[in-house]
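Architecture at a glance
Next come the chains, spelled out residue by residue.
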Amino acid sequence: MKAIRRFSVRPVLPDALSALHDLARNLRWSWHADTRALFGTAAPQPGDTTATDPVRALGSLSAERLSELAADRGFLRRLAVAAGDLQDYLTEPRWYQRAGGETPRAVAYFSPEFGITSALPQYSGGLGILAGDHLKSASDLGVPLIGVGLLYRHGYFRQSLSREGWQQEHYPVIDPDELPLEKLREEDGTPARVELTLTGGRQLAAQVWIAQVGRVPLLLLDSDVEGNEPAEREVTDRLYGGGSEHRLLQEMLLGIGGVRAVRAYCRVAGHPAPEVFHTNEGHAGFLGLERIRERVADGAGFDAALETVRAGTVFTTHTPVPAGIDRFDRDLVARHFGEDGELPGIDADQVLALGRETYDGGDPTLFNMAVMGLRLAQRANGVSTLHGRVSREMFAGLWPGFDPAEVPVTSVTNGVHAPTWRSERVPADPHRRSDAELWEMRRALREQLVHEVRERLHASWCRRGAARAELGWIDGVLDSDVLTIGFARRVPSYKRLTLMLRDPERLTRLLLHPTRPVQIVVAGKAHPADDGGKRLIRDLVRFADDPRVRHRIVFLPDYGMAMAQKLYHGCDVWLNNPLRPLEACGTSGMKAALNGCLNLSVLDGWWDEWYEPDFGWAVPTADGQAAADDERRDDIEADALYRLVQDRVAPCFYDRGVAGDGLPGRWIDMVRQTLGRLGPKVPADRMVREYVERLYVPAARAHRALDGPAAGRLAEWKARVRREWPRVAVDRVEHAGAGAENSSLELGGSLTVRVRVALGALTPDEVEVQAVAGRVDDSDALVDPDTVRVVLKPDGGPDMEGRWTFQGPLALDRTGSFGYTVRVLPAHPLLPVPADLGLVAAPAAPDGTDPRAAPGVLLR
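Residues numbered from 1 in each chain as written. Predicted model: local features only at pLDDT ≥ 70, side-chain atom pairs only at ≥ 80, totals over all residues. Heavy atoms only, no water.

Digging into the nonpolar core
Counting residues in hydrophobic clusters, the biggest one holds 58 residues, and the most contacted among them are F110, F286 and F337. Broken down by element, the residue count for this core peaks at 12 residues, all from helix 9 (residues 244–269). Grouped together as the second largest cluster of nonpolar side chains are 54 residues, L497, V541, F555 and V602 included. (Core = buried A, V, L, I, M, F, W, Y, C linked by side-chain atoms within 4.5 Å. Buried < 20%, exposed > 50% of the residue type's maximum accessible area, 1.4 Å probe, protein only. Helix = DSSP H or I, 4+ residues; strand = E, 2+ residues; numbered from the N terminus.)

Considerations on the packing of aromatic side chains
Applying the stated criterion across every chain, the model contains 18 aromatic pairs. Consider the rings of W606 and W607, whose centres lie 5.3 Å apart with planes at 65 degrees: the pair is edge-to-face. Residue W607 is classed as buried on the basis of its relative accessible area, which comes to 0%. A ring pair is formed by F653 and Y654, whose centres lie 4.9 Å apart and whose planes are at 80 degrees; its orientation type is edge-to-face. Summarising the burial analysis for this pair, F653 and Y654 share the class buried. One aromatic cluster in this structure is built from W439, W617, F653, Y654 and W667. When the ring centre of Y171 is taken as origin, the NZ or CZ atom of R238, which lies over that ring, is 3.7 Å away. Over the aromatic face of W461 sits the side chain of R464, whose NZ or CZ is 4.1 Å from the ring centroid. (Phe/Tyr/Trp six-rings, centres within 6.5 Å; stacked < 30°, edge-to-face > 60°. Lys NZ or Arg CZ within 6 Å of the ring centre and 35° of its normal.)

A few points about unusual backbone geometry
Negative phi is the rule for most residues except glycine; trans is the rule for most peptide bonds. Each neighbour pair has its own omega, and for R580 with P581 the value is 5 degrees, a cis peptide bond. Tracing the backbone through its elements, the reader meets P581 in the loop between strand 18 (573–576) and helix 21 (588–593). Residue R496 is not a glycine yet carries a positive backbone phi of 55 degrees.

Some details on the pairing of strand 7 (residues 203–213)
In terms of residue burial, strand 7 counts as a mostly covered element, since 9 of its 11 residues are buried. Pairing geometry for strand 5 (residues 182–183) and strand 7, over 2 bridges, is antiparallel. Bridged to E182 within strand 7 is I210. In the sheet, strand 6 (residues 193–197) pairs with strand 7 via 5 bridges, with the strands oriented antiparallel. Residue pairing in the sheet places L196 in a bridge with L204 of strand 7. In sequence, strand 6 turns back onto strand 7 through a hairpin of 5 residues, with G200 there showing a positive phi of about 75 degrees. Here strand 7 hands over to strand 8 (residues 216–222) after 2 residues, with G214 in that stretch at a positive phi of 65 degrees. (Pairing = 2+ DSSP bridges.)

Considering the sheet that holds strand 17 (residues 553–556)
Pairing within the open sheet is parallel, and its 6 strands lie in the order 17-16-15-18-19-20. In this open sheet, the two edge strands, each paired with only one partner strand, are strand 17 and strand 20 (616–619). Averaged over all adjacent pairs, the angle separating strand axes in this sheet is 20 degrees, with direction ignored. In this sheet, strand 16 (residues 518–523) lies alongside strand 15 (residues 483–488) in parallel orientation, the contact comprising 6 bridges. Residue pairing for strand 16: T484 is matched across the bridge by Q519. On the sheet, helix 17 (residues 435–463) packs against strand 15, strand 16 and strand 17 and is oriented at approximately 65 degrees with respect to strand 17. Together, strand 15, strand 18, strand 19 (598–602) and strand 20 form the strand contacts of helix 25 (residues 665–678), whose direction differs from that of strand 19 by roughly 80 degrees. (Axes fitted to C-alpha atoms, helices over the stretch in contact; angles between N-to-C directions. Contact = heavy atoms within 4.5 Å.)

Considering the side chain of S137
Tracing the backbone through its elements, the reader meets S137 in helix 7 (residues 126–141). Among the residues examined, S137 registers a relative accessible area of 2% and is labelled buried.

Here we look at the confidence of the model for the protein chain
Here the protein chain averages 92 in pLDDT, while 94% of its residues score no lower than 70. Note that residues 849–860 has pLDDT below 50 and, in this model, 40 contacts with residues that lie over four places away or in other chains. (pLDDT = per-residue confidence, 0-100.)

Some words on the pattern of salt bridges
The full count for this structure, using the stated rule, is 65 salt bridges. A salt bridge links E102 to R701; its shortest N-O distance comes to 2.8 Å. Taken together, the residues span a long stretch of sequence, with E102 in the loop between helix 6 (95–99) and strand 1 (107–110) and R701 in helix 26 (residues 684–705) at a distance of 599 residues. The partly exposed category is assigned to E102, whose relative accessible area is 40%. Judged by its relative accessible area of 39%, R701 is partly exposed. A salt bridge links R260 to E290; the nearest nitrogen and oxygen atoms lie 3.0 Å apart. Here R260 is found in helix 9, whereas its partner E290 is found in helix 10 (residues 287–297), with 30 residues between them in sequence. For E290, a relative accessible area of 0% gives the class buried. (Salt bridge = Lys/Arg side-chain N within 4 Å of Asp/Glu carboxyl O.)

Re helix 19 (residues 531–545)
Over its 15 residues, helix 19 extends 21 Å from the first C-alpha to the last, a length consistent with the 21 Å expected when each residue adds 1.5 Å. Those residues of helix 19 not exposed but buried are G533, K534, L536, I537, L540, V541, F543 and A544. Considering only its buried residues, helix 19 is in contact with strand 3 (158–161), strand 4 (167–170), helix 18 (504–511), strand 16 and strand 17. Where helix 19 begins, the side chain of D530 points an oxygen toward the backbone nitrogen of G532, at a separation of 3.2 Å. (Expected span 1.5 Å × (residues − 1). Polar contact = N/O pair within 3.5 Å; in protein donor to acceptor, adjacent residues only side chain to side chain.)

Describing a negative patch on the surface
Together, E339, D340, D347 and D349 make up a region of like negative charge exposed at the surface. Along the chain, the position of D347 falls in the loop between helix 12 (330–336) and helix 13 (348–354). For D347, a relative accessible area of 42% translates into the label partly exposed. (Patch = residues over 30% accessible without salt bridge, like charges linked within 9 Å, V, L, I, M, F, W, Y side chains within 5 Å. Areas by Shrake-Rupley, 256 points an atom, 1.4 Å probe, with all protein chains shown as cover. Lys, Arg positive; Asp, Glu negative; His and termini not counted. Charge placed at Lys NZ, Arg CZ, Asp CG, Glu CD.)

A word on the packing of helix 18 against helix 24 (residues 630–654)
Packed helices, taken two at a time, are described by the angle their axes make and the gap between the axes. Where helix 18 contacts helix 24, the axes come no closer than 11 Å and their chain directions differ by 15 degrees. By the angle between their axes, helix 18 is roughly parallel relative to helix 24. In the packing of helix 18 onto helix 24, the handedness of the crossing is left-handed. The segment helix 18 lies against helix 24, with R506, L507 and L510 engaging D639, Y642, R643, V645 and Q646. (Parallel < 35°, antiparallel > 145°, perpendicular 65-115°, else oblique. Left-handed = near helix turned anticlockwise from the far one by under 90°.)

Remarks on the environment of G288
Structurally, G288 is set in helix 10. Sequence separation of G288 and L376 is 88 residues, and the distance between their C-alpha atoms is 6.2 Å. Excluding residues that lie within four positions of it along the chain, G288 makes contacts with V309 and L376.

A look at the side chain of R293
Along the chain, the position of R293 falls in helix 10. Setting aside chain neighbours within four positions, we find R293 in contact with R260, L343, P344 and I346.

So this is what it looks like as structure tokens:
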């Protein structure tokens, strides 16, 4: 029989054990080993798996066991130490409190998913894990962050396999009362709620749950509340589920409802109001519209409100391809922001204009969430150096007239929360450990992984319908002394799960090599609607089911944080072979590196900027014409991968006894270098510090400068500049100096550049006239990465035709083909970058076409 209603009955703790509640409810335990060990001691049976989830552990304790613990002096001493340690962690000044300067009073961080712990399954992959690591590191550093997301009652799906190896999805119901969550309550004790107005007079209400992540509150909005119609209750039913309108409602609730939840939390908890709002990918972009509505409701005009909101907003993009961006039908968006929809006081056309694809090739019928995110944020970034470059090229159409290198999208390379992902066995200082100690550490972690794999594989085969009597072979799966390669991630096609299967017989020979065998552990989930990804999993599973190789390669279903930690700890090599440059960052290899696992990866994402031969291997990629042929490219890169494993990776692992000690000296040295030199680069505390110093502090400073009448004045100035810009033109360019009449000049010399410019009704202090110089290619395009920009100054007043002359010196500081051009940009003290308005005037090209092609004067 099934119960018709479910309850969660919480234990009543004796006074002596009351601190257990605070320890269990603060998710710091997910990265604090001593707290987890304390709950492991309290578990009814040694090794009870509930000890990895303190909330469940408390719920499993009987009254008799609680009485025993309350009388156990040793346990109470440990409890007092753990409680005191948590209190110190929450209250003592940390890095942020000692930073000084103009740090924001608070920052709100919005993301559609958060991977904090497997006990709170609100994530699907890298985006959510990154968001969780961001919160944890912000807590460790003392950054006053407020996280904002949605509470999905079914989370992401649980994965199993059919007998034939086809992915099957399951959506278990999540009961918030059984999770480490508390409801946000008003001062009178009633649950706080936020509401959105939907079309047709409907309301979408949501309650707010708080997950305490160390010092950081994470607010999770939940639409499964009484009063909502069934369709509205299901808005937060599952992560990345439903159709287009369902997804739009989720993103409206996350962005608009999320801002309202932040306001409620700050009012009730007395938390400082955020000065900076950070949107992690475009899903939360509507937060900017809600903040504009707040300003309009207070009497500001739309354009002035937009300037204030932009100043304090940071937008992080995680996708390197347009197909990865959420885009909605414009009519659907207009319907929800029309007269009877959300955001009163803001015209739907103003909303639609923010998401319009105005660039060449854009679709005027679609509303682009990333485009809106960029227009609502003064500061934007990609998540690795390469991804920043790719993003500038992808979004260059929003800044016509500027080269991609000048598009105002910077980069902050992702990091991972080291206390979460590093094994306790890994030494803090690898240089103080002998080769033998490091090798034994790696072998012990590999042995743990072997046991974990066998347990999970056995459970998987039972769910696939196998009888226990058929599964004796699993006891021989993997070997603690064999080179172990890991591959685990989401399964979109560009990550190429099955590149290793390109030549099955060749892979088989690697797996079964008589003296240098390889074993591979694979895991990953395909999106429920991605049949192509599911076919890739099926193909991999069918290969791994073959009795010839099933002891050397396994696929583990239901990939999640708990499994990932074991894989990062136990694998010797972490494989990553995406289609370059489609991996924005790819942090799984970072987590593996924290444990001395060597990376074997295509030069993409973070590996492109931090790869060194001491840390692992770079898989060569096919470029040029071969890259245009998917089949040929995969053949070339699979061949390169096989060769690397056969000729370099495996020999390095098995090359023993060169020093007479039976140890793989070169391999151990690479482990030591990975831990000692690469390890310090990848932690998320480095990443969060960069966000604070490079983005949050400037955003807070800009927000303060525009949090008042200055915003209106800036908006009026921008409107006037846009009206006048068609009248701005470069009329004539001249230069003078020793040898200037020739095309060959000497290094160390200089030229005086003079430019006559028409400004319309603008004044010289409202523009910046630049001479841009550097090396040129055969087509006369400026290609020097160190291009020089010299600001030219006005020389006297306007002439009889109203034109102004600007001039300045241009140093000849490099040899070879050299050229310059000139251009005019809007200038204002409150503009974050010269390209902010996307306006530029330059000399006409020699053929009268795009002025960006005009080289000005070429000097060789």
